[in-house]
Amino acid sequence: MRHIAMISLMFAFIASAEISHAEVQCLAYTYRGGFCIVKDGMTSGKQIPKSFISWCKKFESEGRKITSVAFTKEGGYAILYGKNGYRYWNVPDGLVKALRKAHDRQQTFLCVAISRYRGWYLITEESIYWGGDLPVSLKEHVNMESSKGGDVKMVGFNSYGGWFFTYKDQYGESKYWSADPTKEQRVLFLD
């Protein structure tokens, strides 16, 4: 239980205004006790799949800045780099379609996130794509803030089902929402 509490605190800290969005672009959990942090276009972490590490090293050596990463419970991953480059393995089909669509439209990638239930978000400068099994309140809060003129920047899930998202409100202030999964209702959003 202490491990879960520590993860919750770290999750809230990363999402808070205490760490600027420019410093940490992404925090992703591997669902096998590991994590990956993307900071200034570079990745670091623990217990990350070897093929994921190889791709990240390749992109970093080519000068392509990594913007976001996500992992599936089954060991799959998605990597966003540069303006709209991407690489994936064993991710939900709906996410693959969204990546291709956003890439073809030359949209600028900001964030990718995959929940333990294979729900997912892809956030670009221009659009928000989502699908799969997502927490009801996450979808409601993202829609609410977007409809009020908020600019969603990052969505994240932790290894036990919690979530957060960061956004700039209509006044340009950085804010976030987060939730505890033990009090969540779930709903399946079809791709």
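Since the structure is predicted, the reported quantities are computational estimates derived from the model, not experimental observations. (Residues numbered from 1 in each chain as written. Predicted model: local features only at pLDDT ≥ 70, side-chain atom pairs only at ≥ 80, totals over all residues. Heavy atoms only, no water.)

**Student:** Help me understand the overall build of the chain in this model?
**Tutor:** Scanning the chain from N- to C-terminus turns up four helices and 13 strands. Counting the 191 residues in the chain, one finds 49% classified as buried. A sequence separation of at least 24 residues applies to 40% of the contacts in the chain between residues at least 6 apart. A total accessible area of about 9,600 Å² is found for the chain, and carbon and sulfur atoms account for 53% of it. (Helix = DSSP H or I, 4+ residues; strand = E, 2+ residues; numbered from the N terminus. Buried < 20%, exposed > 50% of the residue type's maximum accessible area, 1.4 Å probe, protein only. Contact = heavy atoms within 4.5 Å. Areas by Shrake-Rupley, 256 points an atom, 1.4 Å probe, with all protein chains shown as cover.)

**Student:** Quick question: what am I supposed to make of the packing of aromatic side chains here?
**Tutor:** When we look at a pair of aromatic rings, we describe it by the centre distance and by the angle of the planes. The full count for this structure, using the stated rule, is nine aromatic pairs. Plain terms: the ring middles of tyrosine 77 and tryptophan 89 are 6.3 Å apart, the flat faces sit at 35° to each other, and that makes the pair tilted. Taken together, the residues span a long stretch of sequence, with tyrosine 77 in strand E5 (residues 77-81) and tryptophan 89 in strand E6 (residues 85-89) at a distance of twelve residues. The class for tyrosine 77 is buried, based on a relative accessible area of 3%. Overall, tryptophan 89 belongs to the partly exposed group, its relative accessible area being 47%. A connected cluster of aromatic rings, assembled from ring pairs, spans Phe52, Phe71, Tyr77 and Trp89. The ring of tyrosine 117 is capped by arginine 116, whose NZ or CZ atom sits 6.0 Å from the centre of that ring. (Phe/Tyr/Trp six-rings, centres within 6.5 Å; stacked < 30°, edge-to-face > 60°. Lys NZ or Arg CZ within 6 Å of the ring centre and 35° of its normal.)

**Student:** Would you take a moment to explain the nonpolar core for this structure?
**Tutor:** As a rule of thumb, nonpolar side chains are buried together in soluble globular proteins. Counting 17 residues, the largest nonpolar core has Tyr121, Leu138, Val152, Val155, Phe157 and Phe165 as its most contacted members. For this core, the secondary structure elements donating two or more residues are strand E7 (109-114), strand E8 (120-124), helix H4 (136-147), strand E10 (151-157) and strand E11 (163-168). Sequence-distant contacts of tyrosine 121, defined by excluding residues within four places in its chain, comprise Cys111, Val112, Ala113, Ile128, Tyr129, Trp130, Leu134, Leu138, Lys139, Val142, Val155 and Phe157. Within the second largest apolar cluster, 16 residues are counted, among which are Tyr86, Val96, Leu99 and Ile114. (Core = buried A, V, L, I, M, F, W, Y, C linked by side-chain atoms within 4.5 Å.)

**Student:** Sorry, what's going on with empty space enclosed by the protein here?
**Tutor:** Taken as a whole and assessed by the stated rule, the structure comprises one cavity of 30 Å³ or more. Roughly 100 Å³ of internal volume is contained in the largest cavity. Lining the largest cavity are 16 residues; nearest its centre among them are Leu27, Ala28, Val69, Ala113 and Phe157. Looking at side-chain class alone, the lining of the largest cavity contains 15 nonpolar, one polar and no charged residues. (1 Å grid on protein atoms, 1.4 Å probe; cavity = no way out; pocket = protein on both sides within 12 Å on 5 of 7 lines; lining within 4 Å. Points joined across faces, edges and corners; volume = space filled by probe spheres on them. Nonpolar A, V, L, I, M, F, W, Y, C, P; charged D, E, K, R; others polar.)

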